[in-house]
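Breakdown of the fold
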Amino acid sequence: MHAEDDKIFQQGLSRLKKPVLPLVNMVQFLYLTGPFATVGEVLGRVTKAVELEGVLYEDPRQMLAEYAAFLNEFEVIKGKKKLSAALPFIVNEKDEPVAKRQALELWIKQEILSRELEAINSMLCGPCGCVLCCTGPNSAFDAASGFRGRMKQEFFEIPLADSEVDLFTLARIDTEASRSRTVLSDPPLQLEKAPFYKHEMALYHWKNGWSLILPEGSVCPQLSKDTQRCMVYTKRPGVCRKPQIFAYVLEKTPDTAKRSDGKLIPVYMARNKVLAVWDCPYVRKFQDEIGT
Ligand code: SF4
Ligand code: SF4
């Protein structure tokens, strides 16, 4: 790595090299084996520097503070509180149900890791000057983003929550035909005798919600041509915040399971991995740091 890289990526790299999970494991262990009624009591004690897995954490309490809400969920194990969010049904890779306590641990770790990686992504993405996530395949920005070659995809999809649709002033396709399909339906939605992705960039209302479709060569209308920055950064859609190094502790499956009260809940599979998207320049640049 060059000295210049050292400077502009310093903040993100230092977060990458100091993962929060070893601290989370320590807090979990102390809480479950110690005489603590709440996780907050444990957090109040971890005031000194600690070395875990070869990494020195100067101020564990400060580092853990932003994850306190997730860590408090461990209190469910001691019967001190009820789970705030409905826990999904979790199976292992052999499709066998995972015990409730382990399921809770996996769920908490998925949430914490996702939050941590989202922050690291924002720190590493900005200095890259890359806009691959904001453009359709094979746009004029590909080379500037460090992507060499030709993308095979016909379009990129940015799924949107209902509240995010108004961020974009674009044509809306909201018909019976669109609402009876998903973006992956085969055959694809046809508009004027051509697949939808052969048309101009637009907002589509599918069976499973809205999405912005970026066909080949297109650029998100909220990407400033002058600064190459997102013009709605603080309000950008949830999916635009998702990291290119992402938590894969749990994978959502298409299945549902019936809870004891008869409610259908999603089924997740325990994977216990972190994955990275290879097209992303910072993933390629920092593959060694990500792999450690
Ligand atoms: S909304 Fe912003 S972050 Fe999301 S694709 Fe458009 S320009 Fe990129
Ligand atoms: S590919 Fe990576 S660096 Fe490029 S915009 Fe997406 S997250 Fe940022």
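A quick note: this is a predicted structure, and the numbers were derived from the prediction, not measured. (Residues numbered from 1 in each chain as written. Chains lettered and ligands numbered in written order. Predicted model: local features only at pLDDT ≥ 70, side-chain atom pairs only at ≥ 80, totals over all residues. Heavy atoms only, no water.)

Considerations on the overall build of the protein
Threshold: A run of DSSP states H or I qualifies as a helix once it reaches four residues; a run of E qualifies as a strand once it reaches two. Both are numbered from the N-terminal end. Each residue is placed in one exposure class: buried if its accessible area under a 1.4 Å probe, protein chains only, is under 20% of its type's maximum, exposed if it is over 50%, and partly exposed if it falls in between. Every residue pair with non-hydrogen atoms within 4.5 Å of one another is taken to be in contact. The method behind every accessible area is Shrake-Rupley, applied with a 1.4 Å probe, and residues are considered shielded solely by the protein chains displayed.
Scanning the protein from terminus to terminus reveals ten helices and eleven strands. Seen through its principal axes, the protein has C-alpha atoms that stretch 70 × 60 × 35 Å. Looking at the protein as a whole, 43% of its 292 residues qualify as buried. Considering only contacts within the protein whose residues lie at least 6 apart along the sequence, 63% involve residues at least 24 apart. If you sum the accessible surface of the protein, you get close to 16,800 Å²; carbon and sulfur atoms cover 52% of it.

Concerning the nonpolar core
In plain terms, the rule: Residues enter a nonpolar core if they are buried and are Ala, Val, Leu, Ile, Met, Phe, Trp, Tyr or Cys, with the set joined through side-chain atoms within 4.5 Å.
Residues Leu 23, Leu 64, Leu 71 and Ile 112 are the most contacted members of the largest nonpolar core, which totals 24 residues. Residue assignment for this core shows that the elements contributing at least two residues are α3 (21-33), α4 (39-45), β1 (50-52), β2 (55-57), α5 (60-65), α6 (68-71) and α7 (100-128). The leading source of residues in this core is α3, at five residues. Setting aside residues up to four positions removed in sequence, Leu 64 forms contacts with Val 20, Leu 23, Val 24, Val 27, Leu 43, Val 46 and Leu 71.

Topic: the domain arrangement of the protein
Size of an interface, as often reported, equals the accessible area lost when the parts are brought together. Just so we agree on the cut-off: In this entry, domain limits derive from an automatic or database-based domain assignment. As used here, buried area is the combined drop in accessible area, with a 1.4 Å probe, of two parts when they are placed together.
Domain annotation of the protein identifies domain 1 (3-129 + 244-291) and domain 2 (132-227). The distance between the C-alpha centroids of domain 1 and domain 2 comes to 31 Å. Contacts between the two partners involve five residues from domain 1, matched on the other side by six residues from domain 2. Note on domain 1 versus domain 2: buried area summed over both sides is about 370 Å², and carbon and sulfur give 47% of it.

Quick look at α7
The condition is simple: The span you would expect from a helix comes to 1.5 Å times its residue count less one.
With 29 residues, α7 extends 42 Å from end C-alpha to end C-alpha; this agrees with the ideal 42 Å at 1.5 Å per step. Looking at the residues trailing α7, positive phi occurs at Gly 129, about 65 degrees.

Concerning the sheet that holds strand β4 (residues 155-160)
Counted only if it meets this: For two strands to be treated as a pair, DSSP must find no fewer than two bridges joining them.
The strand order β4-β9-β8-β5 describes an open sheet built from four strands, whose pairing is mixed. If you trace the sheet from one side to the other, it starts and ends with β4 and β5 (172-173), each paired once. In terms of strand pairing, strand β8 (residues 202-206) meets strand β9 (residues 209-215) through five bridges, oriented antiparallel. Residue pairing for β9: Trp 206 is matched across the bridge by Gly 209.

Side note on the packing of α3 against α7
What counts, and what does not: Convention adopted: a line fitted to C-alpha atoms gives each axis, helices being fitted over their contacting stretch, and angles between N-to-C directions are expressed from 0 to 180 degrees. Left-handed describes a crossing whose near helix is turned anticlockwise from the far helix through less than a right angle; right-handed describes the clockwise counterpart. Under the scheme applied, nonpolar residues are Ala, Val, Leu, Ile, Met, Phe, Trp, Tyr, Cys and Pro; charged residues are Asp, Glu, Lys and Arg; polar residues are all the others, including Gly.
Packing of α3 against α7 brings their axes to within 11 Å, and their N-to-C directions diverge by 145 degrees. You can see that α3 and α7 cross each other, and the crossing is right-handed. Residues Leu 21, Val 24, Asn 25, Gln 28 and Leu 32 of α3 pack against Arg 101, Glu 105, Lys 109, Ile 112 and Leu 113 of α7. Residue composition of the contact of α3 with α7, by class: five nonpolar, two polar and three charged.

Observations regarding the pairing of strand β11 (residues 264-276)
In summary, the side chains of a regular strand alternate between the two faces of the sheet. When strand β3 (residues 89-91) meets β11, the two strands line up parallel, connected through three bridges. If you follow Val 91 over to β11, its bridge partner there is Met 269. Taking the residues that link successive antiparallel strands as the turn, the strand β10 (residues 245-258)-β11 hairpin has five residues, and the phi of Gly 262 there is positive, at about 90 degrees.

Observations concerning the sheet that holds β3
Strand order in the open sheet made by the three strands is β3-β11-β10, with mixed pairing throughout. The open sheet has two edge strands with one neighbour each: β3 and β10. If you compare each strand with its neighbour and ignore which way they point, the axes differ by 35 degrees on average. In this fold α7 packs onto β3, β10 and β11, with an angle of close to 135 degrees to the strand it touches most, β10.

A look at unusual backbone geometry
For the bond from Asp 186 to Pro 187, the omega torsion is 0 degrees, close enough to zero to count as cis. The topology assignment puts Pro 187 in the loop between α8 (176-179) and β6 (190-191). Residues other than glycine seldom take positive phi values, yet Glu 53 does so here, at roughly 50 degrees. One can find Glu 53 in the loop between β1 and β2. Here Glu 53 falls in the exposed class, since its relative accessible area comes to 69%. Unusually for a residue other than glycine, Gln 228 sits at a positive phi of about 55 degrees. Mapped onto the fold, Gln 228 is located in the loop between β9 and β10.

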